[in-house]
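Residue-level structural notes
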Amino acid sequence: MKKLKKLLPLLLLATTATFAQKAPTPENLVQYAHPMVGTQKMGHTYPGATVPFGMVQLSPDTDTLSYEQNGKYNPDIYKYCAGYNYDDRTIVGFSHTHFSGTGHSDLGDFLLMPTTGPLQLTPGTADRPQSGYRSAFSHQNEVAEPAYYKVKLDDHNILAELTATTRVGFHQYTFPGTEPAHIILDMMAGIYNYPDKNVWSYVRIENDSLVTGYRQTTGWGRTRTEYFAMQFSKPFKSYGARKYDPKEIYRGFWGRFDQTKNWPEQAGRQLRLYFDFNTVAGEKIKVKFALSPLSTAGAVANMRAELPGWNFDQTRRAGQQLWQQELSKITIQTPNRADKENFYTALYHACLSPTVYQDADGQYRGLDQQTHRAEGFTNYTTFSLWDTFRALHPLFNLLQPTRNANMVMSMLAHYDQSPEHMLPVWSHHANENWCMSGYHSVSVVADAVLNGAVPPAQAERALAACVATARHRWYDGLGEYLDLGYVPNERSGTSVSNTLEFAYDDWCIAQLARKLGHADLEKEFSKRAGFWQNVFDARHNFMRPRLANGNFREKFDVLSTNGQGFIEGNSWNYSLAVPHDPKALIALMGGNRVFVPHLDSLFTMHLPDSFFAETEDITREGIIGGYVHGNEPAHHAAYLYNYTDQPWKTQAQVRNILARQYHPTPDGLGGNDDCGQMSAWYLFSALGFYPVAPGSGQYALGSPLVHGAVLHLENGQSFTIQVKNQSAKNVYVQSATLNGQRLAQPFLAQQDVAKGGTLVFTMGAKPVKTR
């Protein structure tokens, strides 16, 4: 017994070691996420380095087109919403702020470019890259991974590598030899740039390796100010600047100094600086570039807090570990590598924005341009809400409700700071830019409160902000909407879509009011939620512009997107935009007998080329029949069959869209990713369900693409999806069970998913037509 007692600890140790050896290593999911997807054609994504929801998006920019051309909008600028266009063959430099997937743009702050040879301070042109500091490059010498980007700059023979933390961009430039080496800081560069966009810039040389400054710009964000701190890994030997401001009548007395060489500060509207170095072959010069919304001191503090050292590879690994953690929130099973790449690329794109917008100490610039501190939440910006209320925020509400609640708290802070007392419509970097329509922040707020993500103490505050936002008569025809029950054609060029979007948002407020026991508000906004019926023309079964006198406008084209009363869409797609009451819509159109063939024809019709001549937001690649997947208004359309007697058609169309609209290639997105909405549609649909009406507490079932999946929920629970008989041909659901109980209807309660469980699909090649 004594010998046995002595051996027991050794046996336990050996057993533990055996189990440790057998424990499976988590699969590296980062390898499946490809930032280059969507960088060609309509995707408008960027390939550079960032961490999940990071404040820094460090990425290459490939041209310098101006928003303005001969005093008008330059349509070629649309290709550069993310700064990078895959079809280009030159790189201008690497800037630190970018939007992902938008159809309008801004940012591109603080562009750096390493060069060799004679100093050049203009970027040159794409057809003559050697005329400036830009460089030719090849995709063969380019690598894009989550939190890492690498490219060889052919004209300078420099290897450029990028990684990032939340608030700091980290550059590593490997120089070729002893020829003159420079790093350019272009304070003039920007996305959707034009000569007067820079309001002011200031740069201060703190010492021989630290530079600080800021710039203020106008444009989409009309009072946007960004601060920076830039630290080099070795001292520069000399530096200088050029000022490209137009001649000013008054310049003070600064002209008495030569400010072009080794002068410790620069101020102006149009500045470029350079820093000279002595290098040897293979020498790496590293640059840490921190941002702050508040001050250069804040930028320095952010750098010290997040990136005190100079280990580039360690920073890259840390960034990719953050991505591994984010991507691991959903683990899927599929034998098809392309499907896995599509899935994790979509999850990657879904976690790029909204973006953190505060210093490491919690301070940030508010919409009132004052300094605030986020107390008890993390402050976020980049709210593309016309897009993201549909599926992106519902995805966050499911996978990481705490982060989504922080986003809601950021929206409430926006409301408190707004001089108009409005929740955000489309906001970024302490600016409301008023892009698109509706007040879809109320959908995000309501869905979060209804699902318990927002603390009860904040729920009443949230409701009050939603109600106030929805009562502003000056906003986008809302006064006439309240008086007439619709926005009249005379009031707005997007009168019909405004009416439809207001009605859905009002329904969300009604659900929130019911939850909180406000019967009067529930009644008020439930009535308003039905106003969509006032723009429905029963003679033609389409939504149609209506005049203030009550008549429908005579001249009308259901296919056209130009001047027909809709924002970025046509009546064919927008006539289905009643996500909160599909049953009533179907009944109004004539019931299943009329509605189903109508919906069928949306997916089978042919659009003429003239349709695409009217809009830059849609190309044929993003369309199936007349269904526009490349833009958001009809993203729920394929799921509407679930509300008819033919739900199997949802299953077929969802799988059709998944197969045709998403590919793991640079041109793999059929439309703008729109800050993750296009990707969120893919994620939900590939898993087998979709939030048709956020705020309803319900998902509509589709046809899963995965062979299995596990959602690792924030509450510690897991929701498992099992798919039997899965194949490319077996797109029809034969049966679905939740925790062993057969689902009689093609719907799933959000709370049933959120508390964990098992959903089992059994698939087949033929539809089950009994219901």
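Conventions adopted
Residues numbered from 1 in each chain as written. Predicted model: local features only at pLDDT ≥ 70, side-chain atom pairs only at ≥ 80, totals over all residues. Heavy atoms only, no water. Axes fitted to C-alpha atoms, helices over the stretch in contact; angles between N-to-C directions. Helix = DSSP H or I, 4+ residues; strand = E, 2+ residues; numbered from the N terminus. Parallel < 35°, antiparallel > 145°, perpendicular 65-115°, else oblique. Contact = heavy atoms within 4.5 Å. Nonpolar A, V, L, I, M, F, W, Y, C, P; charged D, E, K, R; others polar. Left-handed = near helix turned anticlockwise from the far one by under 90°. Pairing = 2+ DSSP bridges. Patch = residues over 30% accessible without salt bridge, like charges linked within 9 Å, V, L, I, M, F, W, Y side chains within 5 Å. Areas by Shrake-Rupley, 256 points an atom, 1.4 Å probe, with all protein chains shown as cover. Salt bridge = Lys/Arg side-chain N within 4 Å of Asp/Glu carboxyl O. Buried < 20%, exposed > 50% of the residue type's maximum accessible area, 1.4 Å probe, protein only. 1 Å grid on protein atoms, 1.4 Å probe; cavity = no way out; pocket = protein on both sides within 12 Å on 5 of 7 lines; lining within 4 Å. Points joined across faces, edges and corners; volume = space filled by probe spheres on them. Polar contact = N/O pair within 3.5 Å; in protein donor to acceptor, adjacent residues only side chain to side chain. Phe/Tyr/Trp six-rings, centres within 6.5 Å; stacked < 30°, edge-to-face > 60°. Core = buried A, V, L, I, M, F, W, Y, C linked by side-chain atoms within 4.5 Å.

On to the packing of helix α6 (residues 392-399) against helix α18 (residues 677-687). At their nearest, the axes of α6 and α18 sit 8 Å apart, and the two run at 55° to each other. Accordingly, the angle class assigned to the pair α6 and α18 is oblique. Residues Leu392, Pro394, Leu395 and Leu398 of α6 lie in contact with α18, whose contacting residues are Gln677, Ala680, Leu683 and Phe684. Counted by class, the contact of α6 with α18 contains seven nonpolar, one polar and no charged residues.

Here the focus is the packing of helix α8 (residues 441-450) against helix α11 (residues 495-515). Between two packed helices, both the angle of their axes relative to each other and the distance between the axes serve to describe the pair. Running from amino to carboxyl end, α8 crosses α11 at an angle of 25°, the nearest separation of the two axes being 9 Å. When the interaxial angle is binned, α8 and α11 end up roughly parallel. Relative to α11, the crossing made by α8 is left-handed. Contact residues: α8 offers Val442, Ser443, Ala446, Val449 and Leu450, while α11 offers Tyr504, Asp505, Cys508, Ile509, Gln511, Leu512 and Lys515. When grouped by side-chain class, the residues that make up the contact of α8 with α11 number eight nonpolar, two polar and two charged.

On to the sheet that holds strand β25 (residues 383-384). Sheet architecture is open: three strands sit in the order β25-β26-β27, paired in antiparallel fashion. The outermost strands of the open sheet, each flanked by one partner alone, are β25 and β27 (431-432). Relative to strand β26 (residues 426-428), β25 runs antiparallel, the two being bridged by two bridges. Looking across to β26, one finds that serine 384 is bridged to tryptophan 426.

Nonpolar side chains collect at one region of the surface, where Ile249, Tyr250 and Phe253 lie side by side and expose about 510 Å² of accessible area between them. Within the secondary structure, phenylalanine 253 sits in the loop between β16 (238-243) and β17 (265-268).

An order of β8-β9-β10-β11-β19-β15-β14-β13-β17 is seen for the nine strands of this open sheet, with the pairing classed as antiparallel. At either margin of the open sheet sits one strand with a lone partner, and together these are β8 (142-145) and β17. Taking each pair of neighbouring strands and ignoring which way they run, the sheet shows an average axis angle of 15°. Helix α2 (residues 296-306) rests against β11 (168-174), β14 (210-217), β15 (224-232) and β19 (284-292) of the sheet, and its axis sits at about 50° to β15. Where helix α3 (residues 312-327) meets the sheet, it contacts β8, β9 (148-153), β10 (158-164), β11 and β19, and its direction lies at approximately 45° from that of β10.

A complete count under the given rule lists 28 salt bridges for this structure. Here arginine 224 ties to aspartate 106 by a salt bridge, and the two come within 3.7 Å at their closest N and O atoms. Highlighted residues: arginine 224 in strand β15 and aspartate 106 in the loop between β5 (93-95) and β6 (111-116), separated in sequence by 118 residues. Here the salt bridges share partners, and the residues they tie into one network are Asp106, Asp109, Lys197, Arg215, Arg224 and Glu226.

The side chains of a regular strand alternate, first on one face of the sheet and then on the other. Across the two faces of strand β35 (residues 718-724) the burial differs, with Phe719, Ile721 and Val723 buried and Ser718, Thr720, Gln722 and Lys724 not buried at all. Here strand β34 (residues 708-712) folds back onto β35 in antiparallel fashion, the turn holding five residues, of which glycine 716 has a positive phi close to 90°. Pairing of β35 with strand β39 (residues 757-764), which is carried by six bridges, proceeds in the parallel orientation. Paired with phenylalanine 719 across the two strands is glycine 757, which belongs to β39.

Attention now moves to empty space enclosed by the protein. Gaps between atoms show up when a probe of the same size as a water molecule is rolled over them. According to the stated counting rule, one finds seven cavities of 30 Å³ or more in the structure shown. Reported here for the largest cavity is a volume of approximately 200 Å³. What lines the largest cavity is a set of 18 residues, and nearest its centre among them are Phe389, Arg390, Pro579, Pro633 and His636. Residue contributions to the lining of the largest cavity peak at three residues, all from α11. Along the lines of polarity and charge, the residues of the lining of the largest cavity split into 12 nonpolar, three polar and three charged. Size it by volume and the second largest cavity reaches roughly 150 Å³. Along its surface, the second largest cavity is lined by 19 residues, and Asn379, Tyr380, Thr381, His414 and Ala430 are the ones closest to its centre.

Position of glutamine 726 among the secondary structure elements: in the loop between β35 and β36 (732-738). For glutamine 726, a relative accessible area of 11% translates into the label buried. Engagement of the side chain of glutamine 726 in a polar contact is seen with the side chain of arginine 655, the distance being 3.3 Å. In this structure glutamine 726 touches Arg655, Pro704, Leu705, Val706, His707 and Met763, once residues within four positions along its chain are discounted.

Attention shifts here to the packing of aromatic side chains. Aromatic ring pairs are described here by two measures, namely the spacing of the ring centres and the angle between the planes. Tallied over the full model, the rule gives 52 aromatic pairs. Aromatic side chains phenylalanine 684 and tyrosine 699 sit 5.7 Å apart centroid to centroid with 40° between the ring planes, which places their arrangement in the tilted category. A residue pair is termed long-range when its members are at least 10 positions apart, and phenylalanine 684 in helix α18 and tyrosine 699 in strand β33 (residues 698-701) qualify at 15 residues. Tyrosine 699 carries the same exposure label as phenylalanine 684, and that label is buried.

This next bit is on the nonpolar core. Judged by nonpolar contacts, the single largest core of 163 residues is most densely connected at Phe343, Met543, Phe689 and Phe719. Counting residues per element, this core draws most heavily on α11, which supplies 11 residues. Discounting residues that sit within four places of it in the chain, phenylalanine 689 has contacts with Leu398, Tyr639, Phe684, Tyr699, Ala700, Leu701, Gly702, Phe719, Ile721, Leu748 and Leu759. Ranked by size, the runner-up nonpolar core spans 51 residues in total, among them Val151, Leu153, Phe228 and Tyr239.

So, about the pairing of β11. With seven of seven residues buried, β11 is to be regarded as a mostly interior element. Neither face of β11 is open: one carries Val168, Phe170, Gln172 and Thr174, the other Gly169, His171 and Tyr173, and all of them are buried. The pairing of β10 with β11 spans six bridges and is classified as antiparallel. From the neighbouring strand, threonine 163 faces β11, where its bridge partner is phenylalanine 170. Linking two consecutive strands that pair antiparallel, namely β10 and β11, is a turn of three residues. Where β11 and β19 come together, seven bridges link them in antiparallel fashion. Each residue of the ladder has a partner; that of tyrosine 173, found in β19, is isoleucine 285.

Considering only enclosed or pocket space, the largest pocket measures out at about 580 Å³ in volume. Residue lining of the largest pocket: 20 residues in total, with Lys243, Arg251, Trp254, Gln259 and Ala267 positioned closest to the centre. At the level of elements, β13 (198-205), β16 and β17 are the ones that each hand at least two residues to the lining of the largest pocket. Among the residues forming the lining of the largest pocket, the class breakdown is seven nonpolar, five polar and eight charged.

The subject of this paragraph is α8. The buried fraction of α8 is high, at nine of 10 residues. In this structure, the buried residues of α8 make contact with α5 (385-388), α6, α7 (401-417), α9 (456-469), α11 and α19 (750-754). Immediately downstream of α8, the backbone of glycine 452 shows phi near 80°, a positive value.

All quantities given are derived from atomic positions and should not be read as evidence of function.
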